[in-house]
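# Observations on the model geometry
Spelled out from the first residue to the last, the chains are:
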Amino acid sequence: GKDKTRKILTEKEIDKNIKSIEKILKKFLKSKNIKTKPIFVNNYSWLKNLNYISFLREIGKHFTINKMLTFESVKTRLDREQSLSYMEFNYMILQAYDFLELNIKQNCSLQIGGSDQWGNIVNGTELIKRFSSKQAYGLTTPLITLASGAKMGKTETGAIWLDENLLSPYDYWQFWRNIDDRDVIKFLKMFTDLNIDEIDKIKNEDINHLKIRLANEATSMLHGKKAAKDSEQAAKEAFSGTSLGSNLPTIKIKKKDINNKLTIIQLVILTNLEKSKSEIRRLIKGNAIKLNNEVITDEKFIISKELFQNNYLKFSVGKKRHLKIELS
């Protein structure tokens, strides 16, 4: 469904992303058993030294433009009369070649991906068969959607990052706590280690208890039990409004920003909770922004040092987004 060209990253950016992804995956793929221990490989190790002419002669001859044009990802772009660069068009050949390399080097015979990868995976199984007469397989799963119909995608607006540097454990916990009621049981089955029998036993419990269970289970798997417990406590404190919330995520702002008469709109932008000034003004008009649990109604409101209690300020956007601001 994408209709934009992939962003070209530098080698340094790619290397950083690879290390971050591997770090996250290791949290879920722990195994001391040599037979099931994950193997991490980088396709750059075999792509970097490819000879273009040799690649076309040995690999390119197995692909026809006629068939490549029939894949949905290509047809959609062409039907919309949107540009499709040769680099992107060539992507399916490279992915198929990756599968071939893994089949040769690691005896990999199954590639798993989202349903949007079906065409690329099929190309890989066919390339392996033509190149070596070996049988390979593809397994795809439906793209995960919310009850609203929106795709739960890594590049969609409001993406749920697994890297705590991009999304705090508290915000990750809040995502699961605040999902649509219709998604709770489905996500308990998909995103926790609870067995089906246990889920069936609790499925008729109070929906809010189930959401908290989901949030705790999912957050524990990624960030650990302590982070899940702290996030639950922070949510209780934020909801009650009786304390600053010792477990809330914290951001720091400089005293010089306060001295330069920082406005409420500028403060919201600094927190990254909202970036659009028009949206921030709409939130202010809707009484959705609070400082220390007090509603801010003036978009020209100036942040003063007096608002900080023990060098901290509680900042809230709506009922569900809260954090602490520390003066540094």
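For the structure itself, consult the block above.
Figured I'd write up the structure that's included with this text. (Residues numbered from 1 in each chain as written. Predicted model: local features only at pLDDT ≥ 70, side-chain atom pairs only at ≥ 80, totals over all residues. Heavy atoms only, no water.)

## So, the packing of aromatic side chains
- Throughout the structure, instances matching the rule amount to six aromatic pairs.
- Judged by centre distance (5.9 Å) and plane angle (85°), the ring pair of W176 and F187 falls under edge-to-face. Here the residue W176 occupies a position in helix α9 (residues 169–177), and F187 occupies one in helix α10 (residues 184–191), the gap between them amounting to eleven residues.
- Note on F187: relative accessible area 0%, which makes it buried.
- Pairing F187 with F191 gives two aromatic rings, centres 5.3 Å apart and planes at 80°, and the pair type is edge-to-face. (Phe/Tyr/Trp six-rings, centres within 6.5 Å; stacked < 30°, edge-to-face > 60°. Helix = DSSP H or I, 4+ residues; strand = E, 2+ residues; numbered from the N terminus. Buried < 20%, exposed > 50% of the residue type's maximum accessible area, 1.4 Å probe, protein only.)

## Quick look at the nonpolar core
- If you look at the biggest cluster of nonpolar residues, it comprises 23 residues, and the most contacted ones within it are I264, L267, I289 and F315.
- Taken together, the elements giving at least two residues each to this core come down to α15 (264–271), α16 (277–285), β4 (289–291), β6 (312–317) and β7 (321–327).
- If one sorts the elements of this core by residue count, α15 sits on top with four residues.
- Contact partners of L267, with chain neighbours within four places excluded, come to I253, L262, L291, I303, L313, F315 and I325.
- By size, the runner-up hydrophobic cluster in this structure holds 22 residues, among which are L194, A215, L222 and A235. (Core = buried A, V, L, I, M, F, W, Y, C linked by side-chain atoms within 4.5 Å. Contact = heavy atoms within 4.5 Å.)

## A short note on the packing of helix α7 (residues 91–106) against helix α8 (residues 118–132)
- Between α7 and α8, the shortest axis-to-axis distance is 8 Å and the interhelical angle comes to 55°. Of the possible angle classes, the one that applies to α7 and α8 is oblique. Here α7 and α8 pass one another in a crossing that is right-handed. Only N120, I121, N123, G124, T125, L127, I128, F131 and S132 of α8 make contact with α7, whose side of the interface consists of Y91, M92, Q95, A96, Y97, F99, L100, N103 and I104.
- Its residues assigned to classes, the contact of α7 with α8 shows eleven nonpolar, seven polar and no charged. (Axes fitted to C-alpha atoms, helices over the stretch in contact; angles between N-to-C directions. Parallel < 35°, antiparallel > 145°, perpendicular 65-115°, else oblique. Left-handed = near helix turned anticlockwise from the far one by under 90°. Nonpolar A, V, L, I, M, F, W, Y, C, P; charged D, E, K, R; others polar.)

## Considering the packing of α10 against helix α12 (residues 207–223)
- Packing of α10 against α12 leaves a shortest axis separation of 10 Å and a crossing angle of 20°. Classified by the angle their axes make, α10 and α12 are roughly parallel. As α10 packs across α12, the resulting crossing turns out to be left-handed. Between α10, through V184, I185, F187, L188 and F191, and α12, the contact on the second element is made entirely by I207, L210, K211, L214, A218 and M221.

## Re the pairing of β6
- When you tally the buried positions in β6, you get five out of six residues, the bulk of the element.
- With three bridges connecting them, β4 and β6 associate as antiparallel partners. Bridging from a neighbouring strand, I289 pairs with V317 of β6.
- As paired elements, β6 and β7 share six bridges and run antiparallel to each other. Bridge pairing links K314 to K324 in β7. (Pairing = 2+ DSSP bridges.)

## Here we look at the sheet that holds strand β5 (residues 294–295)
- The mixed open sheet is built from five strands, whose spatial order is β3-β7-β6-β4-β5. The open sheet is flanked by β3 (250–253) and β5, the only strands paired with a single partner.

## What about unusual backbone geometry?
- In the Ramachandran plot, N292 falls in the positive-phi region, its phi being about 50° despite a non-glycine side chain.
- Of note, N292 is situated in the loop between β4 and β5.
- Under the relative-accessibility criterion, N292 is labelled buried at 17%.
- The phi angle at N293 is positive, at roughly 70°, despite the residue not being glycine.

## Overview of the pattern of salt bridges
- What the rule picks out here adds up to 14 salt bridges.
- For the salt bridge of R213 with E198, the shortest nitrogen-to-oxygen distance reads 2.8 Å. One end of the pair, R213, is in helix α12; the other, E198, is in helix α11 (residues 196–202), with 15 residues separating them in the sequence.
- Relative accessible area serves as the criterion here: at 29%, E198 is assigned to the partly exposed category.
- Note that E217 is salt-bridged to R213, the shortest N-O span being 3.1 Å. (Salt bridge = Lys/Arg side-chain N within 4 Å of Asp/Glu carboxyl O.)

## Quick look at α9
- Of all nine residues making up α9, seven are buried, and the element is well covered by its neighbours.
- Every buried residue of α9 is accounted for by Y170, Y172, W173, Q174, F175, W176 and R177.

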